[in-house]
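# Coordinate analysis (summary)
This is what each chain is made of:
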Amino acid sequence: MATETTSIERLTAMNDLQIVRFFEHWGTALCDGADTDLDTITAGIPDEISTTPGFAEVTDLSKSQNLDPRTSARVARAVLLPLAEDPQVEPSIATALETFEDDRLLVDVILALGLVASVLLIVSTTEFDGKIGPIAFHKGKADPETIKAVTGGVFGVLKP
């Protein structure tokens, strides 16, 4: 009898190029599904998250440049792995894994920090129903402790 592979196991098995491409796939779908303006999203961030050291820097990420390939992979993992353990966010990751096609042949893949910032803001505040490809999902608000772990991980990668 075969056991089902978890989202964490599938993400952990991805190489650097795959994890960055998957982050782009999932993050773009998440942003498209959160049909809400940035001011509304930012206003909805709970105090226990917005007052976390370093979280104020999240909105500043969108003003930054793209990340190099190695840093892109580290940031993608720092965001995805903790969120794949959060029961409110994991269903959207599992849905994206079902529709993810890793068929692009690229030498390097980079992340735009604006996408990273948007994802962090959306998972911190917005609850919505969305679709990734043909599959519907519900995305709840991530647990504040998970968001603290994610932002800490991201800024741990980004700080020299």
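See the structure printed just above.
Attention in this report is confined to the structure presented alongside it. Throughout this document, residue positions are counted from 1 along each chain, in the order its sequence is written. Where totals are concerned, whole chains, interfaces and linings use all residues; where local detail is concerned, this predicted model gives features only for residues with pLDDT of at least 70, and gives and counts side-chain atom pairs only at 80 or more. Each side-chain value is worked out from all heavy atoms of the structure, with water and hydrogens disregarded.

## A closer look at helix 2 (residues 16-33)
Strands here are runs of E lasting at least two residues and helices are runs of H or I lasting at least four, both read from the DSSP assignment and numbered beginning at the N terminus. Take the residue count of a helix, subtract one, and multiply by 1.5 Å to get its expected span. Its 18 residues give helix 2 an end-to-end C-alpha distance of 26 Å, which sits within 8% of 26 Å, the value for a rise of 1.5 Å per residue. Buried residues of helix 2: Ile19, Val20, Arg21, Phe22, Phe23, Trp26, Gly27, Ala29 and Leu30, and no others. Summarising the contacts, the buried residues of helix 2 are in contact with helix 1 (7-12), helix 6 (69-83), helix 7 (90-99), helix 8 (113-125), strand 1 (128-132) and strand 2 (135-139). Two or three places before Leu17, at the start of helix 2, stands the capping residue Asn15, its side-chain oxygen 3.1 Å from that residue's backbone nitrogen. Relative accessible area decides the class of each residue, using a 1.4 Å probe on protein chains only: under 20% of the type maximum gives buried, over 50% gives exposed, and in between gives partly exposed. Contacts were defined at the residue level, with two residues in contact if any of their heavy atoms lie within 4.5 Å. Nitrogen and oxygen atoms within 3.5 Å of one another constitute a polar contact, given that in protein one can donate a hydrogen and the other can accept it, and given that sequence-neighbouring residues count only through two side-chain atoms.

## Looking at the side chain of Asp86
Position of Asp86 among the secondary structure elements: in the loop between helix 6 and helix 7. You can call Asp86 buried: its relative accessible area is 3%. In this structure, Asp86 is in contact with Ala142, Asp143 and Thr146, ignoring residues within four places of it in sequence.

## Topic: the pairing of strand 1
Residues Phe128, Gly130 and Ile132 point to one face of strand 1 and are all buried, whereas Asp129 and Lys131, pointing to the other face, are not buried. Any two strands between which DSSP finds at least two bridges are classified as paired. Hairpin connection, strand 1 to strand 2: the antiparallel pair is bridged by two residues, and Gly133 has positive phi, about 60°.

## What about the packing of helix 2 against helix 6?
Between the N-to-C directions of two axes lies an angle of 0 to 180 degrees, each axis being a line fitted to C-alpha atoms and, for a helix, fitted only over the stretch in contact. Contact pair helix 2 / helix 6: the axes reach a minimum separation of 9 Å and the direction vectors enclose 60°. The orientation of helix 2 relative to helix 6 falls into the category oblique. Here the hand of the crossing between helix 2 and helix 6 comes out left-handed. Contacts from Asp16, Ile19, Val20, Phe22, Phe23 and Trp26 of helix 2 reach helix 6 at Ser72, Ala73, Ala76, Arg77, Val79, Leu80 and Leu83. Residues that form the contact of helix 2 with helix 6 fall into these classes: 10 nonpolar, one polar and two charged. Angle categories: roughly parallel below 35 degrees, roughly antiparallel above 145, roughly perpendicular from 65 to 115, and oblique for all the rest. Helix crossings get a hand from a simple test, with the near helix turned counterclockwise from the far one by less than a right angle marking a left-handed crossing and a clockwise turn marking a right-handed one. Each residue is assigned to one of three groups, with Ala, Val, Leu, Ile, Met, Phe, Trp, Tyr, Cys and Pro labelled nonpolar, Asp, Glu, Lys and Arg labelled charged, and all others, Gly among them, labelled polar.

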